[in-house]
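Summary of the model geometry
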Amino acid sequence: MGFIKYVKEEINIIRDRDPAIKSNMEVFLYPSFKAIMWYRVAHKLYVKKHYFLARLISQKTARKTGIEIHPGAKIGKGLFIDHGHGVVIGETAVLGENVTLYQGVTLGGTGKEKGKRHPTLGDNVMVSAGAKILGSFTVGSNSKIGSGSVVVSEVPPNSTVVGVPGRVVKRDGVKLPQNDLNQTDLPNPNLMDINHLQRENEELRNILTQFMKHVERAERKEKKNEDI
Ligand SMILES: CC(C)(COP(=O)(O)OP(=O)(O)OC[C@H]1O[C@@H](n2cnc3c(N)ncnc32)[C@H](O)[C@@H]1OP(=O)(O)O)[C@@H](O)C(=O)NCCC(=O)NCCS
């Protein structure tokens, strides 16, 4: 992609997601702009196995912007990193399209895994200020991670996760009941749907039984009238 096209894209991304921008020229002041541009260069070098050069670019950029993106990370279109200070994206992290990260976000490892050690983020994921996502699991598309959360396990799509350790508090825009302290077993949406259908089925069965009784009574009354 040419430099002009890259700049235009970045302007659109920043204008879309940061109400603070007032003019297109300001795009050059954003650490996100510099960090992602240099990441794209470093990633190409990394893919061609020029590891030292790739790391050199990434480290120099980190010193200037406060955003350290390992050149091995795989990042889709439309990434926006607001403010930028203290952002770390690990070597085996994978980011979908239109991801937004705020300052102080770490997409890191736990130190316990080998090979793929860092998280995969789906499309349109938003990770709020200071949140840490640690491990090789996936955060589903359209999910939001609350500020200050520490997420250490899989997140389903369309979820809001908050707290330490992170727990799902909202799914598909609906708040989930938080009536126990179990933060390991996330709610099973399929089971919730089945329970809901069972309850509805029971209600319909009751209505039908009442209706049939009513019809039977009416028929009996009609027959009695005919006999008379
Ligand atoms: C998570 C967040 C994105 C809100 O997402 P949402 O889907 O709209 O969720 P809601 O606001 O409905 O909150 C759902 C619940 O989580 C709680 N919650 C929200 N954010 C939380 C956080 N960071 N930590 C702990 N609890 C949090 C809410 O109080 C609410 O609890 P309740 O059901 O008991 O009332 C938002 O709260 C957040 O963290 N924003 C920070 C963005 C940021 O980093 N800005 C920096 C700009 S410089």
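All values reported here derive from a predicted model rather than from experimental measurement. (Residues numbered from 1 in each chain as written. Predicted model: local features only at pLDDT ≥ 70, side-chain atom pairs only at ≥ 80, totals over all residues. Heavy atoms only, no water.)

For the structure on display, the rule yields two cavities of 30 Å³ or more. What the largest cavity holds in volume is close to 60 Å³. Considering the residues around the largest cavity, the lining is formed by A35, W38, Y39, A42, I57, S58, T61, I67 and I69. Secondary structure elements with two or more residues in the lining of the largest cavity: α2 (31–47), α3 (51–65) and β1 (67–69). (1 Å grid on protein atoms, 1.4 Å probe; cavity = no way out; pocket = protein on both sides within 12 Å on 5 of 7 lines; lining within 4 Å. Points joined across faces, edges and corners; volume = space filled by probe spheres on them. Helix = DSSP H or I, 4+ residues; strand = E, 2+ residues; numbered from the N terminus.)

We now examine the domain arrangement of the chain. Here the domain parsing of the chain yields domain 1 (3–186) and domain 2 (188–228). Once you take the C-alpha centre of each, domain 1 and domain 2 turn out to be 53 Å apart. (Domains from an automatic or database assignment.)

Right, let's talk about unusual backbone geometry for a bit. A negative phi angle is the norm for most residues apart from glycine, just as the trans form is the norm for most peptide bonds. With an omega dihedral of -10 degrees, the bond running from V164 to P165 counts as a cis peptide bond. Within the secondary structure, P165 sits in the loop between β14 (159–162) and β15 (167–171). Phi is positive for D172, which is not a glycine, with a value near 50 degrees. Tracing the chain through its elements places D172 in the loop between β15 and β16 (174–175).

Before going further, it helps to spend a moment on the site of the ligand. Surrounding the ligand, one finds 14 residues, the nearest of these being S128, A129, S147, T160 and K170. A distance of 2.7 Å separates an oxygen atom of the ligand from a polar atom in the backbone of A129. Here an oxygen atom of the ligand and a side-chain polar atom of K175 are 3.3 Å apart. Each residue belonging to the shell around the ligand can be placed in one class, and the counts come to five nonpolar, six polar and three charged. (Near = heavy atom within 4 Å. Polar contact = N/O pair within 3.5 Å; in protein donor to acceptor, adjacent residues only side chain to side chain. Nonpolar A, V, L, I, M, F, W, Y, C, P; charged D, E, K, R; others polar.)

A few words now on a negative patch on the surface. Residues E216, E219, E222, E226 and D227 make up a contiguous surface patch of negative charge. Assignment of secondary structure puts E216 in helix α4 (residues 189–227). By relative accessible area, E216 is classed as partly exposed at 42%. (Patch = residues over 30% accessible without salt bridge, like charges linked within 9 Å, V, L, I, M, F, W, Y side chains within 5 Å. Areas by Shrake-Rupley, 256 points an atom, 1.4 Å probe, with all protein chains shown as cover. Salt bridge = Lys/Arg side-chain N within 4 Å of Asp/Glu carboxyl O. Lys, Arg positive; Asp, Glu negative; His and termini not counted. Charge placed at Lys NZ, Arg CZ, Asp CG, Glu CD. Buried < 20%, exposed > 50% of the residue type's maximum accessible area, 1.4 Å probe, protein only.)

Turning our eyes to something else, we now look at the pattern of salt bridges. Considering all chains together, one arrives at one salt bridge under this definition. R117 is the salt-bridge partner of E91, the closest N and O atoms lying 3.0 Å from each other. Residue E91 is found in the loop between β4 (87–89) and β5 (94–95), and its partner R117 is found in the loop between β7 (106–108) and β8 (120–121); the two are separated by 26 residues along the sequence.

Of the strand pairs in this sheet, strand β12 (residues 144–145) and β14 are connected by two bridges, and their pairing is parallel. Its bridge partner being in β14, K144 is matched across the sheet by T160. Both β14 and β15 contribute to a ladder of four bridges, which runs antiparallel. Within β15, the position partnered with S159 by the bridge is R171. Two successive antiparallel strands, β14 and β15, enclose a turn made up of four residues, where G163 displays a positive phi of approximately 95 degrees. (Pairing = 2+ DSSP bridges.)

Moving on: the nonpolar core. Counting 40 residues, the largest nonpolar core has I89, L95, L101, L121, V127 and I133 as its most contacted members. Looking at this core, the elements with two or more residues in it are α1 (3–17), α2, β1, β3 (80–81) and β4. For this core, the leading source of residues is α1, giving five residues. Each residue touching I133, except ones within four places of it in the same chain, is listed here: T106, L107, G108, P119, L121, V127, V139, I145 and V151. Of all hydrophobic cores here, the second largest spans five residues; its members include A42, L45, Y46 and A54. (Core = buried A, V, L, I, M, F, W, Y, C linked by side-chain atoms within 4.5 Å. Contact = heavy atoms within 4.5 Å.)

Across the interface, α2 lies against α3 with an axial gap of 8 Å and an inter-helix angle of 170 degrees. As far as their axial angle goes, α3 and α2 are roughly antiparallel. Here P31, K34, A35, W38, V41, A42, L45 and Y46 of α2 come into contact with α3, specifically with Y51, L53, A54, I57, T61 and T65. Considering only residue class, the contact of α2 with α3 consists of 11 nonpolar, two polar and one charged. (Axes fitted to C-alpha atoms, helices over the stretch in contact; angles between N-to-C directions. Parallel < 35°, antiparallel > 145°, perpendicular 65-115°, else oblique.)

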